[in-house]
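# Observations on the model geometry
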Amino acid sequence: MKRARRAAPGPLPVLGLLLLGALPGLWTVLLRREAAALPEPRSPAGQPPGRWGWGRSPAARGESGGGGQKTFRTLLAVPAAATDREERDGEERLAVTDSQPPADTASPVERGIFWSRELEEQVPPGFAAEEAAAWLSAARAARVASLERGGCGRSSNRLARLSDGSRACVRYGINPEQIQGEALSYHLAGVLGMQERLPPMALALVEARGRQWEPVREELRGSHWAEGAVVSLTRWVDNLTAVVAPAPWGAEAGAGRRLQPLSAEELVGLPPSQLVELVQWSDLILFDYLTANFDRLVSNLFSLQWDPRVMRRATSNLLRAPDGGLVFMDNEAGLVHGYRLLAMWDPYNEPLLRSVCVFREGTARRVAELHRRRSAAAELRRRYRAREPLWARLGFLSERQAELLQARVDFVHRHISHCRAQ
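Residues numbered from 1 in each chain as written. Predicted model: local features only at pLDDT ≥ 70, side-chain atom pairs only at ≥ 80, totals over all residues. Heavy atoms only, no water.

Identification of the protein chain as FJX1 protein from Brachypodius melanocephalos is taken from an unreviewed UniProt entry.

This next bit is on the nonpolar core. The biggest cluster of nonpolar side chains holds 102 residues, and the ones touching the most others in it are Leu-147, Trp-213, Trp-249, Trp-281, Leu-335 and Leu-405. The dominant element in this core, judged by the number of residues it contributes, is helix α9 (residues 272-291), at 11 residues. Of the residues that make up this core, three or more belong to each of domain 1 (109-124 + 240-421) and domain 2 (129-235). Contacts of Leu-147, omitting those with residues within four sequence positions, involve Arg-158, Leu-159, Ala-160, Val-170, Trp-213, Val-216, Glu-219, Leu-220 and Trp-225. (Core = buried A, V, L, I, M, F, W, Y, C linked by side-chain atoms within 4.5 Å. Buried < 20%, exposed > 50% of the residue type's maximum accessible area, 1.4 Å probe, protein only. Helix = DSSP H or I, 4+ residues; strand = E, 2+ residues; numbered from the N terminus. Domains from an automatic or database assignment. Contact = heavy atoms within 4.5 Å.)

To continue, consider the sheet that holds strand β6 (residues 158-162). The pairing of strands in a sheet happens through backbone hydrogen bonds and is either parallel or antiparallel. One open sheet holds the 5 strands; their spatial order is β5-β6-β7-β9-β8, and the pairing between them is antiparallel. The strands lining the two open edges of the sheet, one partner per strand, are β5 (144-148) and β8 (201-205). Sheet twist, expressed as the mean angle between neighbouring strand axes with direction ignored, is 30 degrees. In the packing of helix α4 (residues 129-141) onto the sheet, contacts are made with β6, β7 (167-171), β8 and β9 (230-235), and the angle to β9 comes to roughly 135 degrees. (Pairing = 2+ DSSP bridges. Axes fitted to C-alpha atoms, helices over the stretch in contact; angles between N-to-C directions.)

This paragraph deals with the pattern of salt bridges. Per the stated rule, a full pass over the model turns up 22 salt bridges. Residues Glu-148 and Arg-161 are paired through a salt bridge, measuring 2.7 Å at the closest nitrogen-oxygen approach. With Glu-148 in strand β5 and Arg-161 in strand β6, this residue pair connects regions lying 13 residues apart in the sequence. Put simply, Asp-410 and Arg-374 hold a salt bridge, and the shortest N to O gap is 2.9 Å. One end of the pair, Asp-410, is in helix α16 (residues 399-421); the other, Arg-374, is in the loop between α13 (361-373) and α14 (376-387), and 36 residues separate them in sequence. Members of the salt-bridge network, linked through shared partners, are Arg-111, Glu-361 and Arg-365. (Salt bridge = Lys/Arg side-chain N within 4 Å of Asp/Glu carboxyl O.)

Applying the stated criterion across every chain, the model contains 11 aromatic pairs. With a centroid separation of 4.9 Å and 65 degrees between ring planes, the pair formed by Phe-302 and Trp-345 is classed as edge-to-face. Placement of the pair is Phe-302 in helix α10 (residues 297-302) and Trp-345 in helix α12 (residues 342-354), with a sequence separation of 43 residues. Note on accessibility: Phe-302 and Trp-345 belong to one class, buried. A centroid spacing of 6.4 Å and a plane angle of 35 degrees characterise the contact between Tyr-384 and Phe-396, whose relative ring orientation is tilted. With Tyr-384 in helix α14 and Phe-396 in the loop between α15 (391-394) and α16, this residue pair connects regions lying 12 residues apart in the sequence. Tyr-384 sits in the buried class, given a relative accessible area of 0%. These aromatic residues form a ring-pair network of at least three members: Phe-294, Phe-302, Trp-306, Trp-345 and Tyr-348. (Phe/Tyr/Trp six-rings, centres within 6.5 Å; stacked < 30°, edge-to-face > 60°.)

Further remarks concern the sheet that holds strand β11 (residues 314-320). Pairing is antiparallel in the open sheet, where 3 strands are placed in the order β10-β11-β12. At either margin of the open sheet sits one strand with a lone partner, and together these are β10 (241-244) and β12 (326-328). Along the sheet, successive strands turn relative to each other by an average axial angle of 55 degrees, direction set aside. Contacts from α9 reach β10, β11 and β12, with the element oriented near 10 degrees to β12.

Here it is as C-alpha cells:
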C-alpha cells in the first residue's frame, strides 16, 4: 500500500517560525534602546558626585550623613560592576551582576566592599597571638633591670630593660584613665580581630620594694612615679619607620582639605605594597572611630588649620615594621579619654570613617555580630578580665561609656550596610 504523500508547509507556518527565531535579537535591540534613554546616574542625595571638605561635620555643612561624598569604596570598586536593587520582605538587597573583572585584571575588591582574599593574604602577620602571649608571660615574670629616658614618648615614660633580655616602653599616664584607655584599646583590638597590629601590652604595678622593681629602686625615686601606680609595659620593636598617610588622606587631602579620588586605572596600576597598606589603613580608621582616638590621623587633620603641610609629615602614633606591616602605637587616647572629648573630635573622626567604604571581611563580620548581639562592652569586659590580671586596679568602662561603645559599633555597622547598598 502506498503511503499518502505529506503536503508541503504553507507560507504562514514558515513565516511564524522565522519570526520566532528573530525574537531574541529584537528583544536585545529594544533593551539597548531603553538603556540608552535612561538619565545619567546621580548621587544618593540627588546631587552630582562631590568631595567632602575637612574641618566640619556633615551636619555643620548642612549635609546629610549619607550624602554624595566620594567614598573610598567608590574609588576602589570594580570598574565593571553593575548593581540592581530588589525589594524583598521590606529590606533592600543587592544583586551584583557582571562584577567579574577581565581575565587579565586582578581586582583588589570582592563583592563591592571587601578586600580580596588574595590581597589580605599578602598583609604582614604582625604580632602573632602565640608570640604575643609568650612575651606577655615573660614580661610579667621578669625583673626590670634598668630604666632609661627617651625613646618612649613623654618625659615621664621610660625605656625598660628586662631581666630576660627584652625591652619594653613603660608608660606612666598623666592620669589613670590614659593607662586604662591603652589597656582597653588593646583588648578591643582583640575583640575586633586586629590585635596583631598592636604591640603586646601588659599592666604593671609600681612597687619600689617589690620583686619586679627592686633592681631599679633608685631610678624610681628620680622618676616621680607614685608608689602603687599602674603603668603599661609595651613590647619594644626595633627598626620601625615613620608612616605618611596615603591618598585619599595624604598630602593632596592636606592641600585641599578634601578627599582626593583614586581612579580605577590608578588603582589597578598600584604596586601590591601600596594596596596591602590600604588594607591596613581601612582597619586603622575603623578602630580609631570605635575608640574615638584623636591622637593619630585625626590630630593631623585638626592641625591643618595652622599647618597646611601637616599631611605631608609622619602620622602620629603610627609606624611601619621592616616587613611593611603597620603598627598602631600608643592608644592612650582611646575609649575613656576620647569619649570625654567626642564633641571636639567627632567632626574629624566621623568624616574619616565615611571616607572608607572597603573593609576586611573578617572585621565587618565581627562588627555585624557585636551589633546583632549588642554585646560590644560585654565581649570587651570578658576578654579584659580573662587576659589582664591587674584589670581591677583600673576598673572597666562606666555604664555611659559602655553605651557609647555600642552606639559607635552600631554606627559602623550602618555605615558598612550603606556602603553595601551603594
